[in-house]
Amino acid sequence: MLTNDRIPLSLEFFPPKTPEGAEKLRGVRQQLYTLQPEFCSVTFGAGGSTQEGTFNAVREILAEGVSAASHFSCIGATKDTVRAQLATLKAMGVKRLVALRGDLPSGYGAGGEFHYASDLVAFIRAETGDDFHIEVAAYPEVHPQAKSPAHDLQAFAAKVKAGANSAITQYFYNSDAYFRFVEEVDALGLEVPVVPGIMPITSSTQLMRFSDASGAEIPRWIRLRLQSYGDDVASIKAFGLEVVTDLCEQLRAGGAPALHFYTMNQSAATLALCKNLGLSA
């Protein structure tokens, strides 16, 4: 159990594509379970393309004695398919969902009976009552497809009003963006915990690629420092550990309710961060 002076944490994995990847992830999870995570979440591919892999990973995590949350995207889905998936997850013993609009696989039209994550949240609540704790996504630096920051905040409010219990943010490296977002959420009277999503820095090229695709900002000073290291992996990892440790300290000092680590199916960076933060068991 978590002690009162220890900030709760959770871990995110993606479903492996090969038997070798699945076996490696089992080892990674065992290493990370020493952190006593509140839960582990498993992502869902575009259009639900990884559903089988997602559900298999969730099933394994539950069998390992850890609470598991399944990501659940609705774009391109019908009420019947969502209803069936909810029944499957409930039968598995899943108590927590990360409800997202999600992305369609390339080449697909819009389709489906759900247009926004708030539609999915409302449907889950109508179908299952309080059977699931529902997490939703939050974007401190504004969703890349939002018309404006105000529209993005209203979209978040719609998810909360539809029945979300809490939120996990996209990763960021500017704590001011997170604290400003939380202030705006509080000003709307939305009483939900907003948990910051933490992305360890272990590769500059990978980070640049993810950030360019997702709209997450890499502050100029961090980007330039990473570029200056070139192919010096050890320096990149050491600098990344320092930067993200400092970010987590700022978040914890400012009252963040928990930390959610995007592990990328690796253990070393998250373990190092948690050791620096005094969160190791």
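Up top is the structure these notes are about.
All values reported here derive from a predicted model rather than from experimental measurement.

Under the criterion given, the structure shown has one cavity of 30 Å³ or more. What the largest cavity holds in volume is close to 40 Å³. Lining the largest cavity are M199, P200, I201, T202, S203, Q206, L207 and F210.

As a further point, take the nonpolar core. By size, the foremost hydrophobic cluster in this structure holds 80 residues, and its most contacted members are F156, Y173, L259 and F261. In terms of residue count, helix α9 (residues 233-253) provides more of this core than any other element does, seven residues in total. Excluding its chain neighbours within four sequence positions, the residues that come into contact with F156 are V136, A137, A138, A167, F181, V185, L190, V192 and V194.

Another aspect to go through is the sheet that holds strand β5 (residues 133-138). Strand pairing in a sheet relies on backbone hydrogen bonds, with the paired strands running either antiparallel or parallel. One open sheet accounts for nine strands, arranged β7-β6-β5-β4-β3-β2-β1-β9-β8; its pairing is parallel. In this open sheet, the two strands that pair with only one neighbour each are β7 (194-195) and β8 (197-198). Across four bridges, β5 lies against strand β6 (residues 166-169) in parallel orientation. Opposite A137, over in β6, you have I168 as the bridge partner.

In this section: the pairing of strand β3 (residues 68-73). Residues in a regular strand project their side chains so that they alternate between the two faces of the sheet. With six of six residues buried, β3 lies mostly within the body of the structure. Of the pairings in the sheet, the one linking strand β2 (residues 40-42) to β3 comprises three bridges and is parallel in character. Paired with S41 across the bridge in β3 is A69. Between β3 and its parallel partner strand β4 (residues 96-100), the chain crosses via helix α3 (residues 79-92), and the hand of that crossover is right-handed.

Here we come to the pattern of salt bridges. If you walk through the whole model with that rule in mind, you get eleven salt bridges. With its nearest N and O atoms 2.7 Å apart, the salt bridge here joins R29 to E60. Of this pair, R29 sits in helix α1 (residues 19-32) while E60 sits in helix α2 (residues 51-63), and the two are 31 residues apart along the sequence. For E60, a relative accessible area of 24% corresponds to the partly exposed category. Residues E184 and R180 are paired through a salt bridge, measuring 3.4 Å at the closest nitrogen-oxygen approach. Of this pair, E184 and R180 both sit in helix α6 (residues 175-187), four residues apart, roughly one helical turn. Overall, E184 belongs to the partly exposed group, its relative accessible area being 29%. Looking at R180, the relative accessible area reads 52%, which means it is exposed. Overlapping salt bridges, with partners in common, bring together E23, R26, R29, E60 and E64 in one network.

Calculation notes
Sequence order as written defines residue numbering, which begins from 1 separately in each chain. Totals for whole chains, interfaces and linings use all residues, but because this is a predicted model, local features are given only for residues with pLDDT of at least 70 and pairs of side-chain atoms are given and counted only at 80 or more. The basis for every side-chain value is the complete set of non-hydrogen atoms in the structure, without hydrogens or water. Within this scheme a cavity is a closed region of a 1 Å grid, computed over the protein atoms alone, that accommodates a 1.4 Å probe without allowing it to escape, whereas a pocket is open but has protein on both sides within 12 Å along at least five of seven lines; lining residues each have an atom within 4 Å of a point. Grid points are joined across faces, edges and corners, and a volume is the space filled by probe spheres set on the points. Buried Ala, Val, Leu, Ile, Met, Phe, Trp, Tyr and Cys residues that are joined via side-chain atoms within 4.5 Å together make up what is termed a nonpolar core. Only protein chains enter the accessibility calculation, which uses a 1.4 Å probe. A residue is then buried if its area is under 20% of the maximum for its type, exposed if over 50%, and partly exposed in between. Numbering of helices and strands runs from the N terminus, with a helix taken as a DSSP run of H or I at least four residues long and a strand as a DSSP run of E at least two residues long. We call two residues in contact when some of their heavy atoms are within 4.5 Å. A pair of strands is treated as paired once DSSP finds two or more bridges between them. Crossover handedness is defined by viewing with both strands directed away from the observer: a clockwise path from the first strand over the helix to the second marks the crossover as right-handed. The term salt bridge refers to a pairing of a side-chain nitrogen on Lys or Arg with a carboxyl oxygen on Asp or Glu at a separation within 4 Å.

Don't take any of this as a statement about function, it's just geometry.
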